[in-house]
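# Structure assessment
One-letter residues, chain by chain:
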Amino acid sequence: MLRAMYRVEQLIGGVWGAGGTGGQQTVVDPADGTPVSTVPVATADEVVKAVAAAREAAPGWAATAPADRAAALVRAAAAVEAAAEDLARATTAEMGKPLDDARGGVAAGIGTLRQYAELGPLRGGRTLHGATDAIDFMTPQPRGVVAVITPWNDPVAVSCGLLGAALVTGNVVLYKPSERTPATGWLLARALDEALPSGVLSLLTGGAEVGAALAGQEVDVVAHVGSTATGRAIAAACARTGAKALLENGGSDPLIVDAGVDPGWAAEQAALGAFANAGQICVAVERLYVHRDLADDFVAALVERAGALRMGPGRDPGTELGPLVDRRHRDHVHGQVTAAVAEGARLRVGGTLPAGPGAFYPATVVTGCTDEMALVRQETFGPVAPVVVVDSFGEALKRAARSPYGLAATVLTASMGHAQRAWRELPVGTVKVNAVFGGAPGGAAQPRRGSGQGFGYGPELLDELTTTKAVHLEPPTPTW
Ligand code: NAD
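Residues numbered from 1 in each chain as written. Predicted model: local features only at pLDDT ≥ 70, side-chain atom pairs only at ≥ 80, totals over all residues. Heavy atoms only, no water.

This part is about the overall build of the chain. If you tally the helices and strands in the chain, you get 15 helices and 23 strands. Here the chain has a C-alpha radius of gyration of 24 Å; the compact-globule value for 480 residues is 23 Å, and the two agree. In terms of overall dimensions, the chain has C-alpha extents of about 85 × 65 × 40 Å along its principal axes. Counting every position in the chain, which comprises 480 residues, the buried fraction comes to 55%. The contacts of the chain with a sequence gap of at least 6 include a subset with a gap of at least 24, amounting to 72%. In the structure as shown, the chain presents an accessible area of about 19,600 Å², 54% of it carried by carbon and sulfur atoms. Side-chain charges of the chain comprise 39 positive and 48 negative groups, with the mean position of each set lying 3 Å from the other. (Helix = DSSP H or I, 4+ residues; strand = E, 2+ residues; numbered from the N terminus. Rg over C-alpha atoms; globule rule 2.2 N^0.38 Å. Buried < 20%, exposed > 50% of the residue type's maximum accessible area, 1.4 Å probe, protein only. Contact = heavy atoms within 4.5 Å. Areas by Shrake-Rupley, 256 points an atom, 1.4 Å probe, with all protein chains shown as cover. Lys, Arg positive; Asp, Glu negative; His and termini not counted. Charge placed at Lys NZ, Arg CZ, Asp CG, Glu CD.)

What follows is the structure in structure tokens.
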């Protein structure tokens, strides 16, 4: 048996290596099945103790001056930068994405930490004068204890956003990274903890049961990025404890391809949106509504692009399509593709399980899809482009809007009128016109429907993680 590269430890009450008596899990490399990480599992009792220890540490961190907290975050960002290559390699080993993409995710995370360090101390509130010599001010205060529960698909970037925003606003944090990328979470927590006072950050590891135990505690906020089903379970747990739930969840983002655009360019955008990170991006293109006028040319160009992608281990330079995160997830993706084909859709490229080790899945294009197919309606989270042909832009908008999710949407169009209709009418948090990715750093939106609630990004996340106190000040009755 090969030895795992990483031996993850928990951080509870400022002590590394604490607890983990709930068992041990092993993460294997999705490219070849070799062991990557061994991970302790927190017991429910350890979760309770970690929350109690965090509660003890909360007042000291809340009373630290905002500029000092920001300085700590600047040091934390430098520590993450020093560990950047290790973090990228751990990400690729644990979840499979091409190493350059993993490096990009780490760099984005570091940028977010620095952005929050800048923004944190600048925050203030309104002042009012209800009477001439009275002052009212409204000031943000930390919420207290924040549970941060994160996914595996872009583990450093996603975690840095929530951790940076929660810490700089004066909250103590209990961090539960995904059980599929625990060593990445552990390396990140080690780097951050170097720069923070002891006890401000805790790390709990294990699977859904550890996340559920944490979300059930009397914390002040549970911030979750992950699937819609988990988000709903967390919202229910928060309803019982009174904690605030901040949820950035799943999506089934549409791409609308209007008549009159260049089909080659549209296929390039579609391929990027559907196949980057093997489709494992919350805002990946998950269903395509293509105008009949260019559908044949568009599909031909997309099939060509899908077939040309170099599939291989994420660590190999030149790999464009890494494996899926694991075989369990591959079964989910392939299950949706085969069900669509059984219901009458036509495979144009991909859609077959490759022989050999790992969790590879080819870039896949399926035509003749209907809105009722799970492949179109549900989140697939794989490198699959299901194409639905439409007769008008209006029809595309209507069908794109009919979804249990409301994360984002992209429209490719040369018509300003259509672009304007799209951003006004689509019931999603983010609308992108003529580019599937590329929003400005610091941008933020509120997801809708099953995609979550609250701002998970940008300066607005700082508001989510603080609570506003109003103070009314008057001089005493004069006694002089
Ligand atoms: P997941 O919800 O299964 O897991 C995410 C985290 O939640 C993990 O740490 C997991 O252990 C924990 N968890 C699982 N069950 C729990 C429970 N009952 N109570 C508390 N915690 C629990 O999601 P995943 O498979 O890791 O990630 C993929 C999903 O994340 C996709 O749906 C994707 O769209 C979504 N995602 C959304 C965004 C966004 O910004 N909207 C960003 C990235 C990923």
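Counting 87 residues, the largest nonpolar core has Leu-174, Tyr-175, Leu-188, Leu-192, Leu-204 and Val-222 as the members making the most contacts within it. Here the element with the most residues in this core is helix 5 (residues 155-168); it accounts for nine residues. Sequence-distant contacts of Leu-204, that is, excluding residues within four places in its chain, are made with Gln-10, Ile-12, Ala-42, Val-47, Ala-50, Leu-174, Tyr-175, Lys-176, Pro-177, Val-210 and Leu-214. In this structure, Val-257, Ala-306, Val-387 and Leu-397 belong to the second largest nonpolar core, which totals 52 residues. (Core = buried A, V, L, I, M, F, W, Y, C linked by side-chain atoms within 4.5 Å.)

Below, the discussion takes up the sheet that holds strand 1 (residues 6-7). Read from one edge to the other, the open sheet built from three strands follows the order 1-5-4, with strand pairing classed as mixed. Looking at the sheet topology across the chains shown, the edges are occupied by strand 1 and strand 4 (24-28). (Pairing = 2+ DSSP bridges.)

Time to look at the packing of aromatic side chains. Counted under the stated rule, the structure contains one aromatic pair. Consider the rings of Trp-152 and Phe-381, whose centres lie 5.6 Å apart with planes at 80°: the pair is edge-to-face. You can see Trp-152 sitting in the loop between strand 8 (145-149) and helix 5 and its partner Phe-381 sitting in the loop between helix 12 (374-377) and strand 17 (384-390), a full 229 residues away along the chain. In this pair, the class of Trp-152 matches that of Phe-381, namely buried. For the cation-ring pair, Arg-190 lies above Trp-186, with the distance from its terminal atom to the ring centre recorded as 4.4 Å. (Phe/Tyr/Trp six-rings, centres within 6.5 Å; stacked < 30°, edge-to-face > 60°. Lys NZ or Arg CZ within 6 Å of the ring centre and 35° of its normal.)

Attention shifts here to the site of the ligand. Lining the immediate surroundings of the ligand are 29 residues, of which Lys-176, Glu-179, Ser-227, Glu-379 and Tyr-457 lie closest. One nitrogen or oxygen atom from the main chain of Ala-212 is found 3.4 Å from a nitrogen atom belonging to the ligand. One of the side-chain nitrogen or oxygen atoms of His-224 is found 3.2 Å away from an oxygen atom of the ligand. The fraction of the free accessible surface of the ligand (850 Å²) that becomes covered by protein chains is 90%. For the shell around the ligand, the secondary-structure elements that each account for two or more residues are helix 7 (208-215), strand 11 (221-225) and helix 8 (228-241). Looking at the shell around the ligand residue by residue, the classes come out as 13 nonpolar, 11 polar and five charged. (Near = heavy atom within 4 Å. Polar contact = N/O pair within 3.5 Å; in protein donor to acceptor, adjacent residues only side chain to side chain. Nonpolar A, V, L, I, M, F, W, Y, C, P; charged D, E, K, R; others polar.)

Bringing helix 6 (residues 182-194) into the picture now. Here helix 6 is 13 residues long and its end C-alpha atoms lie 18 Å apart, about the 18 Å a rise of 1.5 Å per residue gives. Summarising burial for helix 6: 11 of the 13 residues are buried, a large majority. Looking at helix 6, one finds that the buried residues are Pro-182, Ala-183, Thr-184, Gly-185, Trp-186, Leu-187, Leu-188, Ala-189, Ala-191, Leu-192 and Asp-193. (Expected span 1.5 Å × (residues − 1).)

Moving on, we come to the domain arrangement of the chain. How big an interface is tends to be stated in terms of the accessible area lost upon association of its parts. The domains assigned to the chain are domain 1 (6-249 + 451-469) and domain 2 (253-433). A C-alpha centroid distance of 31 Å is found between domain 1 and domain 2. Counting residues at the interface gives 18 residues for domain 1 and 24 residues for domain 2. Taking both sides of the interface into account, the surface hidden between domain 1 and domain 2 amounts to around 1,700 Å²; carbon and sulfur atoms contribute 51%. The largest share of the area that domain 1 buries against domain 2 comes from Ala-31, Arg-180 and Ser-451, three residues that together contribute 30% of it. For the interface between domain 1 and domain 2, the tally reads three salt bridges. Asp-326 is paired through a salt bridge with Arg-180; the nearest N and O atoms lie 2.9 Å apart. Joining domain 1 to domain 2, the criterion identifies nine residue pairs in polar contact (both at pLDDT 80 or more). Mapped by element, the contributors of at least two residues to the side of domain 1 that touches domain 2 are helix 3 (84-95) and helix 4 (99-119). Tallied by class, the residues present in the side of domain 1 that touches domain 2 amount to six nonpolar, six polar and six charged. (Domains from an automatic or database assignment. Buried area = accessible area lost by both parts, 1.4 Å probe. Salt bridge = Lys/Arg side-chain N within 4 Å of Asp/Glu carboxyl O.)

For Glu-379, the position within the fold is in the loop between helix 12 and strand 17. The side chain of Glu-379 sits in the buried core without any salt bridge; Arg-180 is the nearest counter-charge, 9.8 Å away. With residues near it in sequence (within four places) discarded, Glu-379 still touches Gly-250, Gly-251, Glu-286, His-332, Gln-336 and Tyr-405.

Pairing is mixed across the open sheet formed by seven strands, whose spatial order is 15-16-17-14-13-19-20. Two strands lie at the open edges of the sheet, namely strand 15 (346-349) and strand 20 (430-433), each paired on one side alone. Neighbouring strand axes in the sheet, compared pairwise and without regard to direction, differ in orientation by 25° on average. As defined by bridge partners, strand 16 (residues 364-367) adjoins strand 17 across three bridges and the pair is classed as parallel. Note on strand 17: the bridge partner recorded for Val-365 is Ala-385. Relative to strand 14 (residues 285-291), helix 13 (residues 393-401) is tilted by about 160°, and along the sheet it contacts strand 13 (253-257), strand 14, strand 17 and strand 19 (408-412). (Axes fitted to C-alpha atoms, helices over the stretch in contact; angles between N-to-C directions.)

Here the focus is the packing of helix 2 (residues 66-82) against helix 5. The interhelical angle for the contact between helix 2 and helix 5, taken along N-to-C directions, is 150°, at an axis separation of 9 Å. Here helix 5 runs roughly antiparallel to helix 2, going by the angle between their axes. Residue-level inspection shows Arg-69, Ala-70 and Leu-73 of helix 2 in contact with helix 5, the latter providing Gly-164, Leu-167 and Val-168. In the contact of helix 2 with helix 5, the residues fall into four nonpolar, one polar and one charged. (Parallel < 35°, antiparallel > 145°, perpendicular 65-115°, else oblique.)

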